[in-house]
Every structure is written in structure tokens, then in C-alpha cells.
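Observations on the three-dimensional arrangement
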Amino acid sequence: MPKQPALPGFRDAMKKKVTRREQFLAEMDGVVPWTRLLALIAPHYPKAGPKGGRPPMALETMLRVYFLQNWYALSDPMTEETLYDSEAMRRFAGIELGDDRIPDETTILNFRHLLERHGLTEAIFAEVNVHLADKGITLRSGTLVDATIIDAPSSTKDKAGARDPEMSSTKKGNDWYFGMKAHIGVDAGSGVTHSLETSTAKLHDSQVWDELLHGEETSVWADKGYVSAEREAEFKAPGKVWGVLRKAPRGGRLHPVDARINRLITMVRAKVEHPFRVIKRQFGYVKTRYRGLAKNRAQLFTLFALGNLFLVRRRLLA
């Protein structure tokens, strides 16, 4: 005879172990500036009509579901499915199974499109950084610059029978990649991403530079791909540091002094890899989900905003 299931609330109260998912969601719940972000989106969010009808889902619920979708690399249909499956995710979203509506995949898609249409993911990224600056976390002294390739599906098994025309191929080392690039400027002190730009994969990293600097840098740090005598001359001044890796002359060897300088630069700029690690390893974002640069760009702003909060969560919760 099967056991009678316990009431959900009683079952949760009897649980002796806090799962990693529950711990992660509790930490993120405590560091996301909900009030600021909800105020940012509210003017654009639909209101209940004067003639009644089905009211829209609560804005905070939809924002929480949207963040869950990005943290766990879920499609719109899979986000709906996972909300039914996961008590921890329903609890985070403020949904009680049996009492509250669970947003369906169309509602989830429409909310994402609303954010894209009004440029709100970029605004979320900016608002999170203002919040961190208010907390005294970003120092705005030095900037680390880097880029990463985001792979795109190369399959042609779609309605158009073609790969995404806004993506492109590029060679890195001996390997070819197809997709887009995320270019970031990172605060050298905190490791927080303060600037983000996107491009097709074939654009050379060095072509995106000014967009990644906030203008108040006392130091800049980057790999050999950003070497530029003109930029170095413009930046050099008393109290400033040009931390771009030195290149050996064509056909020659790197001078021992430059080799030592490069080792020091590498130690400093290692921090620029942390935001990429978070979105690719922690959040599972290893491939573009949508077609076209605009939708993927919008998602990247959300991912790096959430990545910033994740990187400094311990400081925010202290």
C-alpha cells in the first residue's frame, strides 16, 4: 500500500539538509536589489484593464522566474516545466502549487520580449552596478579588458535552412568557432563587470576598446591582442599604468624585462576571467539560445548583471 504523501509545508519543515540549489537561491535572493529593479520595469509592465479580465502575473514573480531562467540556462518551455518540478524554485518565485498560477511558456516568452523591446536588460545591468557602487564595492580605478567567444548553433536544421546570418566564424589558435563575442571591461579592484559590448565573432577584440572604459582609469590591463602604440601614447601620463602584454618583435624574442613585466600583468588581469567563468560554468551559458545578435545581447546584459551579484555576494551578505 503506497504511503500517503505529506503536506508540502510539513515535509519542508522536516527536511534536514539544505540543498546547494536552495543555498544558492537564498544567497541570490538576499543580494538582488529587488526594489530598484522592480521600479525600473514597472512603468513598462502591463496593468489590469478597467474592464476586468485575467490580471497579469505579478511583476516580481515574473522577474524572479526570468532570473531563474538565466541562472539555470532554461528555455521558455523548460522554465515552465521546472517550476512544476522544483519546490525550491517555486518558493524563490513566490508560487504556491495549487494556490497560485504558474506562468506558462508563452507568458515567460512575452516577459522576456518586453525586457528586450524596452532595453530593460541593459538598464538592469546599469542599475545593478549603481547599486554596487552605492555599497562601495566598485572602485573605478583600473579596468581589465577582454573578450570571449559565445558559440552559436551551426546547424541548418531550421525553417530557413541556414545558419544564423548575424553570427560569423573566426579562428582562434588552430580551431574555428562560429558565433558572437562578448567584450567586457572589469573593475580591477572588485572584479565587477562595469562595461559590456557585443559583436559578431569575426570582429577582432582590439576593435572594441573605448566602449569598455569608463574614462577615469588610472590603469588598463589587457592581452596582446590589444597592443596599440597609439592608445599607449594617449594613455601614458604620470600616475597611469599601461598594463597591456608586451609582444616580441616580428621574428625576434621577447626581451627578459618585458617577459617579467608580462608575468606581472598576467597576475593582475587573471581577474578578468572570473565573470566569464561565472556565466559559462556557474550559470551554464555555453551557447547562444536565440537567433540574431539583439536577443543574445539582451540576455548577456542580464547574465553579467547577475554574475556581478554572484561574484560579490559574500561581501553584500556580510
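What you see is a predicted model, and the numbers here were worked out from it, not measured in a lab.

1. Here's the deal with helix α11 (residues 273-282)
Considered for burial, the residues of α11 that qualify are P275, F276, V278, I279 and K280. In this structure, the buried residues of α11 make contact with β1 (142-151), β3 (175-187), β4 (193-200) and α12 (293-311). The positive-phi residue at the C-terminal boundary of α11 is G284, with phi of around 75°.

2. Overview of the side chain of E197
Tracing the backbone through its elements, the reader meets E197 in strand β4. A polar side-chain atom of E197 sits 2.6 Å from a polar atom in the side chain of R297. With residues near it in sequence (within four places) discarded, E197 still touches K181, A182, H183, V208, E211, L212 and R297.

3. Describing a negative patch on the surface
A cluster of acidic side chains, namely E81, D85, D104 and E105, defines a negative patch on the protein surface. Mapped onto the fold, D85 is located in helix α5 (residues 76-85). Its relative accessible area of 66% is what places D85 among the exposed residues.

4. Notes on the environment of V145
Secondary-structure assignment places V145 in strand β1. Taking C-alpha positions, V145 is 8.3 Å from R269, a pair spaced 124 residues apart along the chain. Residues within four places of V145 in sequence aside, it is in contact with I184, W209, L212, L213, W221, A222, Y226, R269 and V272.

5. Some remarks on the pattern of salt bridges
For the structure shown, the criterion picks out 17 salt bridges. One salt bridge connects R112 with E116, and the closest N-O pair in it is separated by 3.2 Å. Taken as a pair, R112 and E116 lie in helix α7 (residues 105-117) at a separation of four residues, close to a single helical turn. By relative accessible area, which is 21% here, E116 ends up partly exposed. The salt bridge partner of E197 is R297, with a shortest N-O separation of 2.6 Å. Here R297 lies in helix α12 and E197 lies in strand β4, a separation of 100 residues in the sequence. On the accessibility criterion, R297 (21% relative accessible area) is partly exposed. What emerges from the salt-bridge pattern is a single network uniting E22, E87, R90 and R91.

6. Considerations on the pairing of strand β6 (residues 241-244)
With four bridges joining them, strand β5 (residues 219-222) and β6 adopt parallel strand pairing. Bridge assignment links S219 to a residue of β6, and that residue is V241. Tracing the backbone out of β5, into helix α9 (residues 229-235) and back to the parallel element β6 gives a crossover that is right-handed.

7. Description of the nonpolar core
Counting residues in hydrophobic clusters, the biggest one holds 66 residues, and the most contacted among them are L63, F67, W71, F283, L300 and F304. Setting aside its immediate chain neighbours within four residues, L63 contacts W34, L37, L38, I41 and F111. Counting residues in each nonpolar core, the second largest holds 11 residues, with V145, A147, V208 and V220 among its members.

8. A word on unusual backbone geometry
Residues apart from glycine generally show negative phi values, whereas peptide bonds are mostly found in trans. The phi angle at A73 is positive, at roughly 50°, despite the residue not being glycine. Relative to the helices and strands, A73 resides in the loop between α4 (59-71) and α5. Look at A73 and you get partly exposed, because its relative accessible area is 30%.

9. Overview of the environment of P165
Among the secondary structure elements, P165 is positioned in the loop between β1 and β2 (168-172). P165 sits in the exposed class, given a relative accessible area of 68%. For the pair P165 and Y290, spaced 125 residues apart in the sequence, the C-alpha separation amounts to 12 Å.

Criteria and thresholds
- Residue positions are given per chain, counting from 1 as you read along its sequence in written order.
- Since the coordinates come from a predicted model, pLDDT governs what is reported: local features require at least 70, and pairs of side-chain atoms require 80 or more to be given and counted, while whole-chain, interface and lining totals use all residues.
- Just so you know, side-chain values use all the structure's heavy atoms and leave hydrogens and water out.
- Burial here depends on accessible area, computed with a 1.4 Å probe over protein chains only, as a share of the maximum for the residue type. Under 20% is buried, over 50% is exposed, and the range in between is partly exposed.
- Strands are runs of DSSP state E lasting at least two residues, helices are runs of H or I lasting at least four, and both sets are numbered from the N terminus onward.
- Any two residues whose heavy atoms approach within 4.5 Å at even a single point are treated as in contact.
- Two N or O atoms count as a polar contact when they lie within 3.5 Å, although within protein this holds only if one can serve as hydrogen donor and the other as acceptor, and sequence-adjacent residues are included solely when both atoms are side-chain atoms.
- Nonpolar side chains (Val, Leu, Ile, Met, Phe, Trp, Tyr) within 5 Å and like charges within 9 Å form the patches, drawn only from residues with over 30% relative accessible area and no salt bridge.
- Note on areas: Shrake-Rupley with a 1.4 Å probe; residue coverage comes only from the protein chains shown.
- Salt bridges are identified by distance alone: a Lys or Arg side-chain nitrogen within 4 Å of an Asp or Glu carboxyl oxygen.
- Residues scored as charged are limited to Lys and Arg (positive) and Asp and Glu (negative), so that His and the chain ends carry no count.
- For this purpose, a charge sits on NZ of Lys, CZ of Arg, CG of Asp or CD of Glu.
- Two strands pair under a simple rule: DSSP has to find at least two bridges between them.
- Whether a crossover is right-handed depends on one test, that the path from the first strand over the helix to the second runs clockwise when the strands point away from the viewer.
- Put simply, a nonpolar core is a bunch of buried Ala, Val, Leu, Ile, Met, Phe, Trp, Tyr and Cys residues held in one set by side-chain atoms that sit within 4.5 Å of each other.

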